[in-house]
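# Breakdown of the fold
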Amino acid sequence: DAAAAAEDDPDDDESESSSLRALLESKEVQIAMLTRQLEAAGATAIAEVVPLKEAKERLRRAVERVVAGEDDADAAAAEMEKWGTFIEHHPEHVADQRRTREAWIAEHLSDALCAAASRRVLTVVPPDVLLRGTSRENLESRGLEPTLAARVYAHPALWLLRADD
């Protein structure tokens, strides 16, 4: 059978193995380049890779050592920083954080309280603010109290409520 013969072909296995070796080598070069970039930027590259669960455990132990005031508190603080950074950038943790944030947004965007707050903010943010900008004086001339005008002016993120207008 031709299919069975193709599966047992040592040339195919060797070709696949060669492709995998080349891919591995290119990834090693990429990692070395990224490590040098981080170091040039003053950051330390992560040299030890462990499962997320283990990293959290190591962070917990380092925090315990710092809190206990052990003699090696400086080393424990460095470990705490190392594993905190590791966890912060771990793909599983990043994905968990994204899912948590998206769930919170989905749950609260439909909140009656948020909708009421958005309607209230819309009454103090001029409809044309994104096109023309504004100033505290302009906001005050439109009837806002000086304190409220200063707050609306100082927080342009509020203006984004007018993005759909």
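### Describing the overall build of the protein
A count of helical and extended segments in the protein gives nine helices and zero strands. Beginning at the N terminus, the succession of helices and strands in the protein can be written as α-α-α-α-α-α-α-α-α. A buried classification covers 15% of the 165 residues belonging to the protein. With an accessible surface of roughly 12600 Å², the protein has 56% of that area assigned to carbon and sulfur atoms.

### Overview of the side chain of R162
Locating R162 in the fold gives a position in the segment after helix 9 (146–154). Accessibility expressed as a relative area gives 14% for R162, which makes it buried. Engagement of the side chain of R162 in a polar contact is seen with the backbone oxygen of L122, the distance being 2.4 Å. With near-sequence residues (within four places) excluded, R162 lies in contact with L122, V125, P126, P127, V129 and L130.

### A word on a nonpolar patch on the surface
Together, W104, I105 and L109 give the surface a local cluster of nonpolar side chains, amounting to about 350 Å² of exposed area. Following the sequence through the fold, I105 ends up in helix 5 (residues 91–108).

### Concerning the nonpolar core
By size, the foremost hydrophobic cluster in this structure holds eight residues: V124, V125, V129, L139, L144, A149, V152 and W159. In contact with V129, other than residues within four places in its own chain, are T134, W159 and R162. If you look at the next biggest cluster of nonpolar residues, it comprises six residues, including V50, L52, F86 and I87.

### Things to note about helix 4 (residues 73–89)
A rise of 1.5 Å per residue sets the reference length of helix 4, with its 17 residues, at 24 Å; its end C-alpha atoms lie 24 Å apart and thus fit the reference within 8%. Those residues of helix 4 not exposed but buried are A76, W83, F86 and I87. Each buried residue of helix 4 sits inside an arc of 95 degrees when the element is viewed along its axis, so together they form one side. Residues of helix 4 that are exposed and point more than 90 degrees away from the buried face comprise D74, E81 and H89. Looking at the buried residues of helix 4, the elements they touch are helix 3 (52–68) and helix 5.

### Considerations on the packing of aromatic side chains
Following the criterion strictly, the structure yields one aromatic pair and no others. Ring geometry for W83 versus F86: centroids 5.3 Å apart, planes at 65 degrees, classification edge-to-face. Of this pair, W83 and F86 both sit in helix 4, separated by three residues, roughly a single helical turn. Like F86, W83 is buried.

### Points about the confidence of the model for the protein
The predicted model of the protein has a mean per-residue pLDDT of 87, with 93% of residues at 70 or higher. Within the protein, the element-level pLDDT minimum falls on helix 1 (residues 2–7), averaging 54, and the maximum on helix 3, averaging 93.

### Considerations on the environment of A149
Along the chain, A149 turns up in helix 9. What makes A149 buried here is its relative accessible area of 0%. Between the alpha carbons of A149 and P126 there is a distance of 11 Å; along the sequence they are 23 residues apart. Once residues lying within four places of it in the same chain are set aside, the contact partners of A149 are R136, L139, E140 and L144.

The rules behind the values
- Residues numbered from 1 in each chain as written.
- Predicted model: local features only at pLDDT ≥ 70, side-chain atom pairs only at ≥ 80, totals over all residues.
- Heavy atoms only, no water.
- Helix = DSSP H or I, 4+ residues; strand = E, 2+ residues; numbered from the N terminus.
- Buried < 20%, exposed > 50% of the residue type's maximum accessible area, 1.4 Å probe, protein only.
- Areas by Shrake-Rupley, 256 points an atom, 1.4 Å probe, with all protein chains shown as cover.
- Polar contact = N/O pair within 3.5 Å; in protein donor to acceptor, adjacent residues only side chain to side chain.
- Contact = heavy atoms within 4.5 Å.
- Patch = residues over 30% accessible without salt bridge, like charges linked within 9 Å, V, L, I, M, F, W, Y side chains within 5 Å.
- Salt bridge = Lys/Arg side-chain N within 4 Å of Asp/Glu carboxyl O.
- Core = buried A, V, L, I, M, F, W, Y, C linked by side-chain atoms within 4.5 Å.
- Expected span 1.5 Å × (residues − 1).
- Arc of directions from axis to C-beta.
- Phe/Tyr/Trp six-rings, centres within 6.5 Å; stacked < 30°, edge-to-face > 60°.
- pLDDT = per-residue confidence, 0-100.

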